[in-house]
Amino acid sequence: MGQPKVETSPKVSDEVRKTTCYMCACRCGINVHLTSGKVTYIEGNRDHPVNKGVLCAKGASGIMQVTAPSRLRAPLRRVGPRGSGAFEEISWDEALATAVAWLKPLREEAPEKLAFFTGRDQSQSFTGWWAQQFGTPNYAAHGGFCSVNMAAAGTYTIGGAFWEFGQPDWAHTKLFVLFGVAEDHDSNPIKIGIGKLKARGAKVVGVNPVRTGYNAVADEWVGITPGTDGLLILSLIHCLLEAGKIDLDYLARWTNAPLLVNAAEGPEKGLILKNAESQPFVIDKRTGMPAPWDGAGVQPDLGAVWQGHRTVFQHMAERYLSADYAPEAVADRCGVPAGRIRALAAELARVAFDEAFELPVAWTDFRGDRHESMTGRPVSFHAMRGISAHSNGFQTARALHLLQILLGTVEVPGGYRLKPPYPKPVEAHPTPHFVAAPGKPLSGPHLGYVRGPENLAIKEDGTPWRIDKGFTWENPFSAHGLMHMVIPNAHAGDPYKVDTLFLYMANMSWNSSMNSARVMEMLTDKDASGEYVIPRIIYSDAYASEMVAYADLILPDTTYLERYDCISLLDRPISEPDAAGDAIRWPVVEADRDVRGFQSVLLDLGVRLGLPGITNPDGTAKFKDYADYMVNHIRRPGVGPLIGFRGVDGQAEGRGDPNPDQLARYIENGGFYQAHVPDGAAYMKPWNMAYQEWAVATSFYETPQPYLFSIWSEPMRKFQLAAEGHGFLQPPDHLRARLKVAMDPLPVWYPPFGEAAAEGYPVHAITQRPMAMYHSWGSQNAWLRQIHGKNYLYLPTKIWEAEGFAEGDYARVTSPTGEIVVPVAHMAALNPDTVWTWNAIGKRRGAWALDAGAPEANQGFLLNHLISELLPGEGRVSNSDPVTGQAAWFDLRVRVERVGPQERAEPAFEVLPRVVPKGRARV
Amino acid sequence: MNPAPSVIVFTVLSGMGFGFLALLGLTGVSGTVAFFLWGLGYGLAVAGLVASAFHLGNPQRALLAFTQWRTSWLSREAWASVITLGLFAPQALSDWLGLGLGRGFGVAGAVMAGVTVFCTAMIYAQIRAVPRWHHWTVPPVFLAYAVAGGLVLSGVSVLALPMLCVLGVTLALHWHFGARAFARAGATMESATGLGRVGAVSVFEQPHTGGNYLLREMIHVVGRRHAERVRMIAMVFSVLLPSLALAWLSGGVAVVVAAATYLIGALAQRWLFFAEAEHVVGLYYGRR
Amino acid sequence: MTGLPERTEKKLGLVIDLDTCVGCHACVTACKGWNDQGYGAPLSDQNPYGADPSGTFLNRVHSYAVQPTDTAAQIINFPRSCLHCEDAPCVTVCPTGASYKRAEDGIVLVNEAACIGCGLCAWACPYGARELDQAAGVMKKCTLCVDRIYNEALPEADREPACVRTCPTGARHFGDFADPESKVSRLTAEREGFALMPEMGTRPVNRYLPPRKKDRPEEASLLAPLLDIKATGLAGWLDRVLGKI
Ligand SMILES: Nc1nc2c(c(=O)[nH]1)N[C@H]1C(S)=C(S)[C@@H](COP(=O)(O)OP(=O)(O)OC[C@H]3O[C@@H](n4cnc5c(=O)[nH]c(N)nc54)[C@H](O)[C@@H]3O)O[C@H]1N2
Ligand SMILES: Nc1nc2c(c(=O)[nH]1)N[C@H]1C(S)=C(S)[C@@H](COP(=O)(O)OP(=O)(O)OC[C@H]3O[C@@H](n4cnc5c(=O)[nH]c(N)nc54)[C@H](O)[C@@H]3O)O[C@H]1N2
Ligand code: SF4
Ligand code: SF4
Ligand code: SF4
Ligand code: SF4
Ligand code: SF4
Ligand SMILES: [Mo]
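Residues numbered from 1 in each chain as written. Chains lettered and ligands numbered in written order. Predicted model: local features only at pLDDT ≥ 70, side-chain atom pairs only at ≥ 80, totals over all residues. Heavy atoms only, no water.

Caption draft 1: Region of interest: the overall build of chain B. Check the secondary structure of chain B and you find ten helices and one strand. Going from N to C terminus, chain B has its helices and strands arranged as α-α-α-α-α-α-α-β-α-α-α. In terms of overall size, chain B behaves like a compact globule, its C-alpha atoms giving a radius of gyration of 21 Å where 288 residues would be expected to give roughly 19 Å. Taking the principal axes of the C-alpha coordinates as reference, chain B spans close to 75 × 45 × 30 Å. Looking at chain B as a whole, 55% of its 288 residues qualify as buried. The contacts in chain B between residues at least 6 apart in sequence include a share of 76% that link residues at least 24 apart. Of the roughly 11300 Å² that chain B leaves accessible, carbon and sulfur atoms contribute 73%. (Helix = DSSP H or I, 4+ residues; strand = E, 2+ residues; numbered from the N terminus. Rg over C-alpha atoms; globule rule 2.2 N^0.38 Å. Buried < 20%, exposed > 50% of the residue type's maximum accessible area, 1.4 Å probe, protein only. Contact = heavy atoms within 4.5 Å. Areas by Shrake-Rupley, 256 points an atom, 1.4 Å probe, with all protein chains shown as cover.)

Caption draft 2: Representation of the overall build of chain C within the structure. Scanning chain C for helices and strands turns up seven helices and eleven strands. A globule of 245 residues ought to have a C-alpha radius of gyration of about 18 Å, yet chain C, at 24 Å, is considerably larger. C-alpha extents for chain C along the principal axes are approximately 85 × 50 × 40 Å. Out of the 245 residues in chain C, the part that is buried amounts to 68%. Sequence separation of 24 or more characterises 60% of the internal contacts of chain C that already satisfy a separation of 6 or more. Carbon together with sulfur atoms contributes 53% to the accessible area of chain C, which is approximately 7900 Å² in total. Taken as two groups, the 27 positive and 31 negative side-chain charges of chain C have centres that lie 2 Å from each other. (Lys, Arg positive; Asp, Glu negative; His and termini not counted. Charge placed at Lys NZ, Arg CZ, Asp CG, Glu CD.)

Caption draft 3: Inspection of the site of ligand 5 at higher detail. What surrounds ligand 5 is a group of 13 residues, the closest being C82(C), C85(C), C90(C), C125(C) and R130(C). Residues that form the shell around ligand 5 fall into these classes: ten nonpolar, one polar and two charged. (Near = heavy atom within 4 Å. Nonpolar A, V, L, I, M, F, W, Y, C, P; charged D, E, K, R; others polar.)

Caption draft 4: Molecular detail of the interface of chain C and chain A. With 79 residues of chain C at the contact, the number on the chain A side is 92 residues. Between chain C and chain A lies a buried interface of about 6700 Å² when both sides are counted; carbon and sulfur atoms form 61% of it. Taken as a group, Y49(C), R165(C) and L223(C) account for 13% of the area that chain C buries against chain A, more than any other trio of residues on that side. Put simply, chain C and chain A have six salt bridges between them. (Buried area = accessible area lost by both parts, 1.4 Å probe. Salt bridge = Lys/Arg side-chain N within 4 Å of Asp/Glu carboxyl O.)

Caption draft 5: Structural view of helix α6 (residues 187–200) of chain A. All names here are of chain A. Spanning 14 residues, α6 covers 20 Å between terminal C-alpha atoms, matching the ideal 20 Å at 1.5 Å per step. Among the 14 residues of α6, eleven are classified as buried, and the element is accordingly described as predominantly covered. Taken residue by residue, α6 has S187, N188, P189, I190, K191, I192, G193, I194, G195, L197 and K198 as its buried positions. Against the buried residues of α6 lie β8 (166–168), β9 (175–179), β10 (203–207), α7 (213–217) and β21 (379–383). (Expected span 1.5 Å × (residues − 1).)

Caption draft 6: Broad picture of the UniProt feature "transmembrane region" (unreviewed entry) in chain B. Mapped onto this structure's residue numbering, the UniProt feature "transmembrane region" (unreviewed entry) falls at residues 7–29, 35–57, 105–124, 136–153 and 233–264 of chain B. The distance from the first to the last C-alpha atom of residues 35–57 of chain B is 35 Å, and the span holds 83% helix and 0% strand. (UniProt positions renumbered as here; feature names shortened; annotations may be inferred.)

Caption draft 7: A look at the packing of aromatic side chains. Tallying each qualifying case throughout the model produces 74 aromatic pairs over all chains. Between Y691(A) and W694(A) the ring centres are 5.7 Å apart and the planes differ by 50 degrees, which places this aromatic pair in the tilted class. Here the residue Y691(A) and the residue W694(A) both occupy positions in helix α20 (residues 689–697), the gap between them amounting to three residues, near one helical turn. The class of W694(A) is buried, set by a relative accessible area of 10%. Among the aromatic residues, those joined into a ring-pair cluster are Y250(A), W254(A), W293(A), W363(A), F366(A), W687(A), Y707(A) and F709(A). Its guanidinium or amino end placed over the ring of W73(B), R76(B) lies 4.5 Å from that ring's centre, counting from NZ or CZ. (Phe/Tyr/Trp six-rings, centres within 6.5 Å; stacked < 30°, edge-to-face > 60°. Lys NZ or Arg CZ within 6 Å of the ring centre and 35° of its normal.)

Caption draft 8: Quick peek at the sheet that holds strand β1 (residues 15–20) of chain A. Residues and elements named next belong to chain A. What the three strands build is an open sheet, ordered β1-β2-β3; its pairing is antiparallel. Of all the strands in the sheet, just β1 and β3 (38–44) have a single pairing partner and so form its edges. On average, each strand axis in the sheet is inclined to that of its neighbour by 30 degrees, with strand direction left out of account. As defined by bridge partners, β1 adjoins strand β2 (residues 29–35) across six bridges and the pair is classed as antiparallel. Bridge pairing links R17 to V32 in β2. (Pairing = 2+ DSSP bridges. Axes fitted to C-alpha atoms, helices over the stretch in contact; angles between N-to-C directions.)

Caption draft 9: Representation of a nonpolar patch on the surface in the model. All names here are of chain B. A surface patch of nonpolar side chains, amounting to about 630 Å² of accessible area, comprises F35, F36, L93, W96, L97 and L99. Among the elements that take part in the nonpolar patch, helix α3 (residues 73–97) stands out by supplying three residues, more than any other. Position of L93 relative to the elements: it lies in helix α3. (Patch = residues over 30% accessible without salt bridge, like charges linked within 9 Å, V, L, I, M, F, W, Y side chains within 5 Å.)

Caption draft 10: A look at the interface of chain B and chain A. Each side of the interface is counted separately: chain B has seven residues, and chain A has twelve residues. Contact between chain B and chain A buries roughly 720 Å² in total, counting both sides, with carbon and sulfur atoms accounting for 52%. By the criterion of area lost to chain A, the three top residues of chain B are F204(B), E205(B) and T209(B), representing 72% of everything that side buries. Counting every contact that joins chain B to chain A gives zero salt bridges. On inspection of chain B and its partner chain A, the count reaches six residue pairs in polar contact (both at pLDDT 80 or more). Looking at side-chain class alone, the side of chain B that touches chain A contains two nonpolar, four polar and one charged residues. (Polar contact = N/O pair within 3.5 Å; in protein donor to acceptor, adjacent residues only side chain to side chain.)

Caption draft 11: How the structure looks around the site of ligand 3. Ligand 3 sits among C21(A), M23(A), C24(A), C26(A), R27(A), C28(A), L55(A), C56(A), K58(A), G59(A), S187(A) and N188(A). Tallied by class, residues from the shell around ligand 3 come to seven nonpolar, three polar and two charged.

Caption draft 12: Quick look at the sheet that holds strand β24 (residues 536–540) of chain A. Residue and element names in this part refer to chain A. In spatial order, the strands read β5-β4-β25-β24-β23-β6-β7; together these seven strands make up an open sheet with mixed pairing. The open sheet terminates on both sides in strands that have one partner only, identified here as β5 (87–89) and β7 (139–140). Where strand β6 (residues 114–118) meets β7, two bridges bridge the pair, whose relative direction is parallel. When the sheet's bridge partners are listed, F116 is paired in β7 with Y139.

Caption draft 13: Structural view of the pattern of salt bridges. Summed over all chains, the structure comprises 81 salt bridges over all chains. Linking R350(A) and E355(A) is a salt bridge whose minimum nitrogen-to-oxygen distance equals 2.7 Å. Note that E411(A) is salt-bridged to K685(A), the shortest N-O span being 3.2 Å. Separated by 274 residues along the polypeptide, E411(A) in the loop between α14 (393–406) and β22 (416–418) and K685(A) in the loop between β28 (672–676) and α20 bring together distant segments of the chain. The two residues E411(A) and K685(A) agree in class, both being buried. Put simply, K174(A), K203(A), R211(A), E220(A), R340(A), E347(A), R350(A), E355(A) and D215(C) are held in one network by salt bridges that share partners.

Caption draft 14: Layout of the pairing of strand β33 (residues 834–838) of chain A. Residues and elements named next belong to chain A. Across the five residues that make up β33, a large majority, five, are buried. In β33, alternate side chains face the same way, and those of T834, W836 and W838 on one face and V835 and T837 on the other are all buried. Note that strand β29 (residues 763–768) and β33 share five bridges and pair parallel. Within β33, the residue paired with T767 across the bridge is T837.

Caption draft 15: Broad picture of the packing of helix α6 (residues 157–185) of chain B against helix α10 (residues 251–275) of chain B. Residue and element names in this part refer to chain B. Contact pair α6 / α10: the axes reach a minimum separation of 13 Å and the direction vectors enclose 15 degrees. Considered as vectors, α6 and α10 are oriented roughly parallel to each other. Two packed elements cross with a definite hand, and for α6 against α10 that hand is left-handed. Contacts between α6 and α10 involve L167, L171, H174 and W175 on the former and, on the latter, Y262, Q269, L272 and F273. Partitioning the contact of α6 with α10 into residue classes produces six nonpolar, two polar and no charged. (Parallel < 35°, antiparallel > 145°, perpendicular 65-115°, else oblique. Left-handed = near helix turned anticlockwise from the far one by under 90°.)

Caption draft 16: The arrangement of helix α22 (residues 733–742) of chain A in detail. The complete set of buried residues in α22(A) reads L735(A), R736(A), R738(A), L739(A) and A742(A). Where α22(A) is buried, its residues meet α14 and α21 (714–723) of chain A.

Caption draft 17: How the structure looks around the nonpolar core. W130(A), F313(A) and W237(C) are the most contacted members of the largest nonpolar core, which has 479 residues in total. It is helix α1 (residues 5–27) of chain B that contributes the most residues to this core, twelve residues altogether. In contact with W130(A), other than residues within four places in its own chain, are L103(A), L114(A), F116(A), F502(A), L602(A), L605(A), G606(A), L609(A), L611(A) and I614(A). (Core = buried A, V, L, I, M, F, W, Y, C linked by side-chain atoms within 4.5 Å.)

Caption draft 18: Structural view of the environment of K213(C). Mapped onto the secondary structure, K213(C) falls in the loop between β11 (207–209) and α7 (229–242). Through-space distance from the C-alpha of K213(C) to that of D19(C) is 9.1 Å; in sequence the pair is 194 residues apart.

This is the structure in structure tokens:
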């Protein structure tokens, strides 16, 4: 018998359709293979800028998502008590009529009674605009509980952020330091980047209490104690300053280091000194005289003292040269030996300065000065929620940006590069809009960047305009709102009660809330009259999530392969440092259920409500559906949701008339469009006129917006001044002290708020994203749940041994506000005072169309039950960063005790009844 | 390894059957007794072989298993068992019907029965990935079980008693070496992963929280806790009790009691043979 | 055909870089996705939404804790699939000839039409590279994507294994080890690629690249302070620093 013949060239499929993945928010390009009209295989699109052909574990399992039995099938109306899961299927007409009956009176009488919040929404520029047309100030997406600390600190400091808004110059960087990242939104780009560094043998340093994933491949691991990164970074800065290893030229030219800080006692103290034209100025080294900050040929003097006013540079140096920041002073607190800190500082300096290189790219800066080359400093950093999700996260992120700036490594070759439409200074962002008036749209977008107390969303009586208390003294720079406070505040009637809570794509009764058990109660609590405290809840989900049971009306969404979506430069695009990019999704398969794309449903609702912008004067619909909106909506003249193939001939980029053929062109192009940054404009973008002009042409702003990086933050100082008693707008007394500390115009470190209540709770408890799971929605995927079907609490050797733990044991984990009993496992590569688990593996029994016996629902668990949404002490102050309102998930402190082997984790909640039929294997 | 009932029953019954058939082949019986005794032998051997089919994912293709006798012990076993059963057939018929055939077929069959049992043993002994099996003591154990089983059934205590002693010694040796086999094979988590060059290796996280074939089939850890007790049971039931029964009781009662205890012992031994056999793949899971 | 070929023209296989693998499991599900609709029977799942889900995968990613003697504990991710051994015991044990090693390229395959599902080959494999599909009753294993690497229906660039194509970090490489100039041969030579469990005598084709040395023991800083700031104060420091411009 010979060797069998194998068919080595089988046909793969009938057809390939290119669209955008949505197994997570990374937005990779995918090739969807169809055979006989069914999805049979999904692979990465090699031409796509985000993933260049690769796919992660989730993306490659998409087929199990679009066939999951958990998919909702039709609109649902609650028939039993809330939380009981008793629903009846209704028609779309009925569903929409119900929603209109609830919403119309609100719009006419008190639009703020609608709270519309969206989760990992990729259409925020649309959902926000819809809420604006409705007129409610109560809109935000998930950024507040996610990573607004990074977004805000970056925007206020360098005009761009970590998160997915920038990335290391993977091609040139030689030393990459990663702070607090397990996965990030830029999942595949970071992996591709790390792969490139590894292939080159470049060095990766991971600063993280836990050594897994990216930190596992890091050449050096700094197992820091949670919440202390700011201190570590300021100590690195101390070492660099002490040794004079800083990029003075960069500081003088591109940052506000040479600007003068007002030294005069009074309401202007600490603000940047301005001239008669209200312009900041520098002292020119050539003349010793004041000169415009943006004057041609000016050589700003970092060491200048003018009429008693010193430069930002001197203030900064004075602060961080202090012995308080010496490695020896911070080592214990950070859990990092002093020698290690010094060695890291030395390595940063060595690579930044000794391995500097010149890229022979000539360019002209905004002062008109021409440069023959660009200096590369091959040190780059990235950071995300490990820094962000602490109550000192904003300042810590600021500190990290300061470190980057001192090394001269932002926007230079080899350093950290922003992706268009960033860089973009605070001044180019809107301020928040919040004034609600019956029957009227809001005057502008909800979310924005506050410049001073005058932009706060506070009514004359001192109460907040917004239900989440965004943009108040409690969290003045809450640029993404505070999703995590909506339900608690609405329940408490603080600042006021709402009528309808409208949620989209956010699993708020489970993994997305702090104190999940209590949130479930808030959603089901009734007042004295027997009415629900939160009277109405409308929810759009695509799947049978935990949240579904708590809504009164369910608007079932399509899956990502069944609808149009728009990944727009107006909100979170798919740009690369070298190109602005946007993308679409389109229905590559038809939905086989009575479901509708949520954005189209919102438009339909808008027409039924007669919202301006959505409805023609004659009451007819302006847009047929979302696809029509994507093409024909005009945000500013010539600017719409998509930048590609604009104009009637489809040739215009960035600006141009709507093109009826636009979506077809996108589909032809693989579902995305890229506008390439011109040669010579790829680096030094904030100051590079070639870039600035291209950015204007491509519609990011109307005029060039060069700016200086803010080492000293004037908006922050304005709040600090207010806290010191200056000015007409004054914070409430109970917040004065913390504002003084938190709104420091120079980066500071203070202990995370969790520490205050931590007596008796010595252990830090944190979570990480598993690379092969997306929050709650991965568990319905039959392939992925075999990889992560349950989670353990990982204990460091110190605790494992001290408590005598053994394999198979459970532990009682207690925080100041809660208790859980969960399975544990040992991990040596872990900070000795930290425990952790994978995020959102734990499921409520009965949810997600899983059997009640599913391991996710029995051994799997959430840490969220231990986290309080409020800080201890008087008043209802949210457990958030005091600057941005970022949820402080990782401030959690616990105590861990051994309880021995156990069958299942606690707390256990009642089984949720099914809202979808039982699932079988895919055939 | 997973002590699958089908495989345990297969090896125990077919071994005992072939042992008994061999004895019949060599000694010769006649008349109705022959019918029943040959019938018993065939019954055991065939029942064992049939049981083995329950282990197959696609038994309908079982005939293909005859094709690879050049390399595969399982294929050789298939051939050997068929040849053996074939060789015995004329002998059995002759014994039953008194056809007066010489013992030629019986002797040849007996030799092939030994070969068959040896092939069965080699299916396991060839597997280097299971160090406990990959040892010279495995064929002797299988052969000793077969011969002793045959003798116990025959009730010829003068032969059975010494054979049971041999079985006892073989078992003891097998267990003695078995306990050291894994270590001697040299496979460790360090060699399995090649990470010994970095340091001491342990599992941080399993590749899947769900189950899979490997965990069910190869990484069966449940039984090992009882290994010592099962070893005792095996020794007592397959060696000691049959010997006592044959020595103290007599006639049919002796055979029935001895055979019954022997079967229990053999099943226990075979269960343990699988249950305590550690496959090196367990190293990847940090479990052996 | 369970005799092993004397030699194979090519020795196709994978190099897996343990210095780079972040343990993302992308190769696991990409493999499942391709092979679920590719060569042979689909890779079935049992109890997919139930209490005890399990299924057939041809590639699994382990995660090990490794404790060096002088530095901090490490985590090393470790993908595991068929190594396409030269002395493949899984082939020789097969009673039906279903399991075989291809003479032209060394790929070890199962001819499912001849497989009786006896499981012996999986027993013989030291590496756990074979899983018996519970629905089809046939043995499944990594095919090295034999239906991709020569597939003329695919664009040239895609003629590589699904796991290699998807790996976001580029930790997986595919090629011919018989060609000393191939990428896999060069990587193996440069980075001292190793084989798993050589003591099993299987002579695997696949190679693993070891993690690079991590966490150099603490060293003295080369960053000397410019001067004693306590003594000179900020002014002294400023003079020193700015004098450098
Ligand atoms: N302990 C702890 N808790 C955390 C975090 C943490 O680190 N630790 N992280 C926090 C962070 S950063 C975030 S962003 C949140 C994430 O929290 P969520 O945004 O709530 O994330 P998911 O669990 O993914 O839930 C989103 C919901 O969207 C639904 N969905 C999925 N696809 C679609 C679709 O196409 N259409 C519609 N309409 N719905 C869809 C899902 O079914 C699910 O119910 O969790 C937060 N919670
Ligand atoms: N696969 C997958 N990808 C995802 C998601 C997902 O659920 N699954 N979710 C998406 C979402 S919504 C978000 S917000 C991003 C978030 O992506 P990441 O920012 O990577 O968020 P986390 O996984 O929460 O990781 C936080 C990391 O910080 C570490 N850490 C905690 N405290 C500290 C500290 O004080 N200091 C330092 N240095 N490190 C600390 C933790 O150990 C962990 O490694 O991921 C997105 N991408
Ligand atoms: S990272 Fe993975 S899940 Fe997210 S979009 Fe990309 S392929 Fe899809
Ligand atoms: S895809 Fe690549 S990085 Fe991810 S687990 Fe597999 S080999 Fe490792
Ligand atoms: S790894 Fe296992 S299955 Fe693959 S060839 Fe080697 S022995 Fe056979
Ligand atoms: S399971 Fe199939 S391939 Fe494996 S040895 Fe048995 S017949 Fe051969
Ligand atoms: S080569 Fe193909 S079959 Fe083998 S592990 Fe990779 S994807 Fe799976
Ligand atoms: Mo997030």
